[in-house]
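Spelled out from the first residue to the last, the chains are:
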Amino acid sequence: MMWGRLLVENHRGERVPASLGLVLIGPGAAAGALASWATSGEPSVRSWVGTLASLLVLGAGLVDDLAPPGPRGLRGHLRALADGRVTTGVVKAFVIGAASVVTVAAWPVTSPLARGAGAVLLAASANLWNGLDVRPGRALKAFLVVGGVTVGADPSVLRAAPTVAGALAASLPALALDLRERAMLGDAGANLLGFTAGLALYAALPPAGVVAAATGAVGLNVVAETLTLSRLIGAVPPLRWADRLGRRPDR
(Lines give C-alpha, C1' and ligand atoms only; values in the text may rest on other atoms or scores of the structure.)
Protein backbone atom coordinates (compact mmCIF):
# COMPACT_ATOMS: atom_id res chain seq x y z
CA MET A 1 0.00 0.00 0.00
CA MET A 2 1.09 3.56 -0.70
CA TRP A 3 0.81 4.62 2.96
CA GLY A 4 3.11 1.76 3.85
CA ARG A 5 5.93 3.82 2.32
CA LEU A 6 5.78 6.03 5.41
CA LEU A 7 7.45 3.12 7.23
CA VAL A 8 11.12 3.75 6.48
CA GLU A 9 14.45 2.51 7.76
CA ASN A 10 16.25 4.82 10.17
CA HIS A 11 20.02 5.04 10.64
CA ARG A 12 19.97 1.72 12.54
CA GLY A 13 18.08 -0.08 9.80
CA GLU A 14 14.94 -0.23 11.97
CA ARG A 15 11.59 0.56 10.35
CA VAL A 16 9.74 3.49 11.92
CA PRO A 17 6.90 5.73 10.68
CA ALA A 18 8.02 8.98 9.04
CA SER A 19 4.89 10.75 10.24
CA LEU A 20 5.93 13.45 12.70
CA GLY A 21 5.09 16.16 10.16
CA LEU A 22 1.44 15.35 10.80
CA VAL A 23 2.05 15.97 14.51
CA LEU A 24 3.55 19.37 13.77
CA ILE A 25 1.10 20.76 11.23
CA GLY A 26 -2.03 20.58 13.43
CA PRO A 27 -0.91 23.03 16.16
CA GLY A 28 0.84 25.23 13.59
CA ALA A 29 -2.23 25.52 11.39
CA ALA A 30 -4.51 26.01 14.42
CA ALA A 31 -2.33 28.85 15.73
CA GLY A 32 -2.34 30.52 12.33
CA ALA A 33 -6.10 30.20 11.94
CA LEU A 34 -6.82 31.51 15.44
CA ALA A 35 -4.57 34.50 14.87
CA SER A 36 -6.33 35.20 11.57
CA TRP A 37 -9.77 35.15 13.16
CA ALA A 38 -8.65 37.22 16.15
CA THR A 39 -7.10 40.02 14.12
CA SER A 40 -8.04 42.05 11.10
CA GLY A 41 -6.17 43.71 8.26
CA GLU A 42 -2.60 42.97 7.34
CA PRO A 43 -1.69 40.61 10.20
CA SER A 44 -4.71 38.46 9.29
CA VAL A 45 -3.62 38.22 5.64
CA ARG A 46 -0.10 37.27 6.67
CA SER A 47 -1.43 34.61 9.05
CA TRP A 48 -3.67 33.02 6.44
CA VAL A 49 -0.98 33.05 3.78
CA GLY A 50 1.62 31.63 6.17
CA THR A 51 -0.76 28.88 7.28
CA LEU A 52 -1.73 27.89 3.74
CA ALA A 53 1.91 27.99 2.62
CA SER A 54 2.86 25.69 5.51
CA LEU A 55 0.16 23.23 4.43
CA LEU A 56 1.51 23.30 0.88
CA VAL A 57 5.05 22.64 2.09
CA LEU A 58 3.86 19.75 4.23
CA GLY A 59 1.84 18.34 1.35
CA ALA A 60 4.75 18.54 -1.10
CA GLY A 61 7.01 16.78 1.38
CA LEU A 62 4.37 14.12 2.05
CA VAL A 63 4.06 13.39 -1.67
CA ASP A 64 7.83 12.93 -1.81
CA ASP A 65 7.68 10.62 1.22
CA LEU A 66 5.00 8.48 -0.43
CA ALA A 67 6.73 8.29 -3.81
CA PRO A 68 8.89 5.29 -4.73
CA PRO A 69 12.59 5.71 -3.87
CA GLY A 70 14.40 7.94 -6.33
CA PRO A 71 17.39 10.30 -6.51
CA ARG A 72 18.74 11.59 -3.22
CA GLY A 73 19.75 15.16 -2.51
CA LEU A 74 19.11 18.29 -4.51
CA ARG A 75 21.89 17.47 -6.94
CA GLY A 76 20.39 14.06 -7.66
CA HIS A 77 17.01 15.56 -8.50
CA LEU A 78 18.59 18.23 -10.69
CA ARG A 79 20.52 15.55 -12.58
CA ALA A 80 17.27 13.67 -13.13
CA LEU A 81 15.64 16.86 -14.41
CA ALA A 82 18.56 17.42 -16.78
CA ASP A 83 17.89 13.90 -18.12
CA GLY A 84 14.28 14.81 -18.75
CA ARG A 85 12.77 13.14 -15.66
CA VAL A 86 10.54 15.22 -13.40
CA THR A 87 10.83 13.65 -9.94
CA THR A 88 8.67 14.31 -6.92
CA GLY A 89 11.71 16.06 -5.43
CA VAL A 90 11.71 18.56 -8.29
CA VAL A 91 7.96 19.13 -7.86
CA LYS A 92 8.50 19.60 -4.13
CA ALA A 93 11.26 22.16 -4.73
CA PHE A 94 8.97 24.10 -7.08
CA VAL A 95 6.07 24.07 -4.60
CA ILE A 96 8.30 25.17 -1.70
CA GLY A 97 9.83 27.93 -3.83
CA ALA A 98 6.39 29.18 -4.86
CA ALA A 99 5.12 29.01 -1.26
CA SER A 100 8.15 31.01 -0.13
CA VAL A 101 7.59 33.73 -2.74
CA VAL A 102 3.87 34.06 -1.94
CA THR A 103 4.51 34.13 1.82
CA VAL A 104 7.07 36.92 1.54
CA ALA A 105 4.80 38.86 -0.85
CA ALA A 106 2.06 38.93 1.82
CA TRP A 107 4.27 40.93 4.20
CA PRO A 108 4.56 44.73 4.27
CA VAL A 109 6.46 46.24 1.38
CA THR A 110 10.20 46.34 1.93
CA SER A 111 13.21 46.54 -0.35
CA PRO A 112 13.21 44.17 -3.35
CA LEU A 113 16.54 42.78 -2.14
CA ALA A 114 15.12 41.90 1.28
CA ARG A 115 12.04 40.31 -0.30
CA GLY A 116 14.13 38.24 -2.66
CA ALA A 117 16.44 37.22 0.16
CA GLY A 118 13.41 36.35 2.29
CA ALA A 119 12.06 33.96 -0.33
CA VAL A 120 15.51 32.37 -0.65
CA LEU A 121 15.74 32.10 3.15
CA LEU A 122 12.43 30.24 3.47
CA ALA A 123 13.13 27.84 0.59
CA ALA A 124 16.76 27.21 1.54
CA SER A 125 15.81 26.62 5.19
CA ALA A 126 13.17 24.08 4.16
CA ASN A 127 15.77 22.12 2.20
CA LEU A 128 18.42 22.55 4.90
CA TRP A 129 16.23 20.99 7.60
CA ASN A 130 15.62 18.06 5.30
CA GLY A 131 19.38 17.55 5.26
CA LEU A 132 19.48 17.68 9.05
CA ASP A 133 16.90 14.91 9.43
CA VAL A 134 19.32 11.99 9.23
CA ARG A 135 19.79 11.41 12.96
CA PRO A 136 17.16 11.28 15.73
CA GLY A 137 16.27 14.69 17.13
CA ARG A 138 18.78 16.67 15.07
CA ALA A 139 16.31 18.67 12.98
CA LEU A 140 13.92 19.25 15.89
CA LYS A 141 16.72 20.43 18.20
CA ALA A 142 17.91 22.87 15.55
CA PHE A 143 14.38 24.19 15.10
CA LEU A 144 13.82 24.62 18.83
CA VAL A 145 17.08 26.57 19.11
CA VAL A 146 16.42 28.83 16.12
CA GLY A 147 12.74 29.30 16.90
CA GLY A 148 13.26 29.74 20.63
CA VAL A 149 16.10 32.25 20.28
CA THR A 150 14.21 34.19 17.60
CA VAL A 151 11.01 34.42 19.63
CA GLY A 152 12.95 35.22 22.81
CA ALA A 153 14.73 38.09 21.07
CA ASP A 154 11.57 39.40 19.39
CA PRO A 155 8.26 38.13 20.85
CA SER A 156 6.34 40.01 18.13
CA VAL A 157 7.29 37.12 15.84
CA LEU A 158 4.46 35.12 17.43
CA ARG A 159 1.94 37.72 16.25
CA ALA A 160 3.46 38.22 12.82
CA ALA A 161 4.00 34.49 12.17
CA PRO A 162 1.69 32.55 14.54
CA THR A 163 2.48 29.20 12.92
CA VAL A 164 5.86 29.47 14.66
CA ALA A 165 4.16 29.24 18.06
CA GLY A 166 2.23 26.13 17.10
CA ALA A 167 5.31 24.44 15.65
CA LEU A 168 7.37 25.22 18.74
CA ALA A 169 4.71 23.77 21.03
CA ALA A 170 4.34 20.62 18.93
CA SER A 171 8.10 20.15 18.58
CA LEU A 172 8.54 19.17 22.23
CA PRO A 173 6.41 15.98 22.16
CA ALA A 174 7.69 15.27 18.65
CA LEU A 175 11.26 15.48 19.92
CA ALA A 176 10.55 12.83 22.57
CA LEU A 177 9.24 10.46 19.90
CA ASP A 178 12.14 11.23 17.57
CA LEU A 179 14.84 10.73 20.22
CA ARG A 180 13.29 7.41 21.29
CA GLU A 181 13.22 6.41 17.61
CA ARG A 182 9.50 5.76 17.69
CA ALA A 183 8.92 7.99 14.64
CA MET A 184 10.75 10.22 12.17
CA LEU A 185 10.02 13.59 10.60
CA GLY A 186 10.28 12.49 6.99
CA ASP A 187 10.46 15.07 4.22
CA ALA A 188 7.06 16.43 5.18
CA GLY A 189 8.05 17.24 8.76
CA ALA A 190 11.61 18.34 8.05
CA ASN A 191 10.63 20.66 5.20
CA LEU A 192 7.86 22.14 7.33
CA LEU A 193 10.25 22.79 10.24
CA GLY A 194 12.79 24.48 8.00
CA PHE A 195 10.15 26.62 6.28
CA THR A 196 8.82 27.69 9.69
CA ALA A 197 12.32 28.46 10.98
CA GLY A 198 12.98 30.59 7.89
CA LEU A 199 9.68 32.40 8.44
CA ALA A 200 10.59 33.12 12.07
CA LEU A 201 13.92 34.59 11.00
CA TYR A 202 12.29 36.66 8.26
CA ALA A 203 9.78 38.03 10.78
CA ALA A 204 12.46 38.99 13.32
CA LEU A 205 15.47 40.19 11.32
CA PRO A 206 16.08 43.56 9.68
CA PRO A 207 16.67 43.55 5.89
CA ALA A 208 20.45 43.20 6.25
CA GLY A 209 19.94 40.31 8.66
CA VAL A 210 17.58 38.58 6.24
CA VAL A 211 20.21 38.81 3.50
CA ALA A 212 22.86 37.41 5.87
CA ALA A 213 20.59 34.58 7.03
CA ALA A 214 19.67 33.67 3.45
CA THR A 215 23.36 33.60 2.51
CA GLY A 216 24.10 31.36 5.48
CA ALA A 217 21.24 28.99 4.64
CA VAL A 218 22.41 28.66 1.05
CA GLY A 219 25.98 28.09 2.24
CA LEU A 220 24.89 25.31 4.60
CA ASN A 221 22.95 23.69 1.77
CA VAL A 222 26.15 23.63 -0.24
CA VAL A 223 27.94 22.01 2.71
CA ALA A 224 25.14 19.42 2.96
CA GLU A 225 25.57 18.51 -0.71
CA THR A 226 29.36 18.26 -0.53
CA LEU A 227 30.99 17.75 2.88
CA THR A 228 27.68 16.63 4.52
CA LEU A 229 26.26 18.16 7.66
CA SER A 230 27.00 15.04 9.72
CA ARG A 231 30.73 15.43 9.12
CA LEU A 232 30.55 19.12 10.00
CA ILE A 233 28.65 18.43 13.23
CA GLY A 234 30.97 15.57 14.16
CA ALA A 235 34.02 17.79 13.72
CA VAL A 236 32.81 20.49 16.16
CA PRO A 237 32.75 19.21 19.80
CA PRO A 238 29.89 21.44 21.09
CA LEU A 239 27.73 20.55 18.10
CA ARG A 240 28.61 16.87 18.46
CA TRP A 241 27.63 16.93 22.15
CA ALA A 242 24.32 18.69 21.46
CA ASP A 243 23.58 16.33 18.58
CA ARG A 244 24.01 13.23 20.77
CA LEU A 245 22.18 14.67 23.77
CA GLY A 246 19.15 12.51 24.60
CA ARG A 247 19.80 10.02 21.81
CA ARG A 248 20.18 6.28 22.17
CA PRO A 249 23.86 5.27 21.96
CA ASP A 250 25.00 4.46 18.46
CA ARG A 251 25.97 0.90 17.72
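Please refer to the structure placed before this passage.
Residues numbered from 1 in each chain as written. Predicted model: local features only at pLDDT ≥ 70, side-chain atom pairs only at ≥ 80, totals over all residues. Heavy atoms only, no water.

A. Representation of the layout of surface pockets within the structure. Estimated volume of the second largest pocket: approximately 600 Å³. Together, 23 residues line the second largest pocket, and Trp129, Leu132, Ala142, Val146 and Leu220 are the ones closest to its centre. Going through the elements one at a time, helix H5 (112-132), helix H6 (138-153), helix H10 (207-225), helix H11 (229-235) and helix H12 (237-244) are the ones with two or more residues in the lining of the second largest pocket. The residue inventory of the lining of the second largest pocket, partitioned by class, reads 18 nonpolar, two polar and three charged. (1 Å grid on protein atoms, 1.4 Å probe; cavity = no way out; pocket = protein on both sides within 12 Å on 5 of 7 lines; lining within 4 Å. Points joined across faces, edges and corners; volume = space filled by probe spheres on them. Helix = DSSP H or I, 4+ residues; strand = E, 2+ residues; numbered from the N terminus. Nonpolar A, V, L, I, M, F, W, Y, C, P; charged D, E, K, R; others polar.)

B. Broad picture of the pattern of salt bridges. Summed over all chains, the structure comprises five salt bridges. Asp243 is paired through a salt bridge with Arg138; the nearest N and O atoms lie 2.8 Å apart. With Asp243 in helix H12 and Arg138 in helix H6, this residue pair connects regions lying 105 residues apart in the sequence. The salt bridge partner of Arg247 is Asp243, with a shortest N-O separation of 3.1 Å. Bridged by salt links that share partners, the residues Asp64, Lys92 and Asp187 form one connected network. (Salt bridge = Lys/Arg side-chain N within 4 Å of Asp/Glu carboxyl O.)

C. Quick peek at the environment of Thr51. Within the secondary structure layout, Thr51 lies in helix H2 (residues 42-66). Residue Thr51 is classed as buried on the basis of its relative accessible area of 5%. Sequence spacing of Thr51 and Val164 is 113 residues, and the spatial spacing of their C-alpha atoms is 9.9 Å. (Buried < 20%, exposed > 50% of the residue type's maximum accessible area, 1.4 Å probe, protein only.)

D. Up close: unusual backbone geometry. Notably, Glu181 is not glycine yet its phi reads approximately 60°, a positive angle. Tracing the chain through its elements places Glu181 in the loop between helix H8 (163-179) and helix H9 (186-204). One non-glycine residue, Thr228, lies in positive phi territory at about 85°. Relative accessible area serves as the criterion here: at 30%, Thr228 is assigned to the partly exposed category.

E. Local environment of the side chain of Thr150. One can find Thr150 in helix H6. Apart from the residues within four sequence positions on either side, Thr150 is in contact with Val157, Ala200, Leu201 and Ala204. (Contact = heavy atoms within 4.5 Å.)

F. Spotlight on the packing of aromatic side chains. Per the stated rule, a full pass over the model turns up one aromatic pair. Arranged with centres 5.5 Å apart and planes meeting at 75°, the rings of Trp107 and Tyr202 form a pair that is edge-to-face. Of this pair, Trp107 sits in the loop between helix H4 (88-105) and H5 while Tyr202 sits in helix H9, and the two are 95 residues apart along the sequence. Across this residue pair, the class does not change: Trp107 and Tyr202 are buried. (Phe/Tyr/Trp six-rings, centres within 6.5 Å; stacked < 30°, edge-to-face > 60°.)

G. Inspection of the nonpolar core at higher detail. Core analysis: the biggest nonpolar cluster contains 54 residues, and Leu24, Leu121, Trp129 and Leu185 have the highest contact counts within it. Per-element tally for this core: the top contributor is H9, with 11 residues. In this view, Trp129 contacts Ala139, Ala142, Phe143, Val146, Ala190, Leu193, Gly194 and Ala197; residues no more than four positions away in its chain are not counted. (Core = buried A, V, L, I, M, F, W, Y, C linked by side-chain atoms within 4.5 Å.)

H. Main features of the packing of H4 against H5. Relative orientation of the contacting elements H4 and H5 amounts to 140°, with a least axis distance of 8 Å. With respect to H5, the axis of H4 lies oblique. The way H4 lies across H5 gives a crossing that is right-handed. In contact with Lys92, Ile96, Gly97, Ser100, Val101, Thr103, Val104 and Ala105 of H4, H5 contributes Arg115, Gly118, Ala119, Leu122, Ala123, Ala126 and Asn130. Its residues assigned to classes, the contact of H4 with H5 shows eight nonpolar, five polar and two charged. (Axes fitted to C-alpha atoms, helices over the stretch in contact; angles between N-to-C directions. Parallel < 35°, antiparallel > 145°, perpendicular 65-115°, else oblique. Left-handed = near helix turned anticlockwise from the far one by under 90°.)

I. Main features of the environment of Phe195. With respect to the element layout, Phe195 can be found in helix H9. With a relative accessible area of 0%, Phe195 lands in the buried category. Sequence spacing of Phe195 and Ala123 is 72 residues, and the spatial spacing of their C-alpha atoms is 6.5 Å. Sequence-distant contacts of Phe195, that is, excluding residues within four places in its chain, are made with Ala53, Ser54, Val57, Ala99, Ser100, Thr103, Leu122, Ser125 and Ala126.

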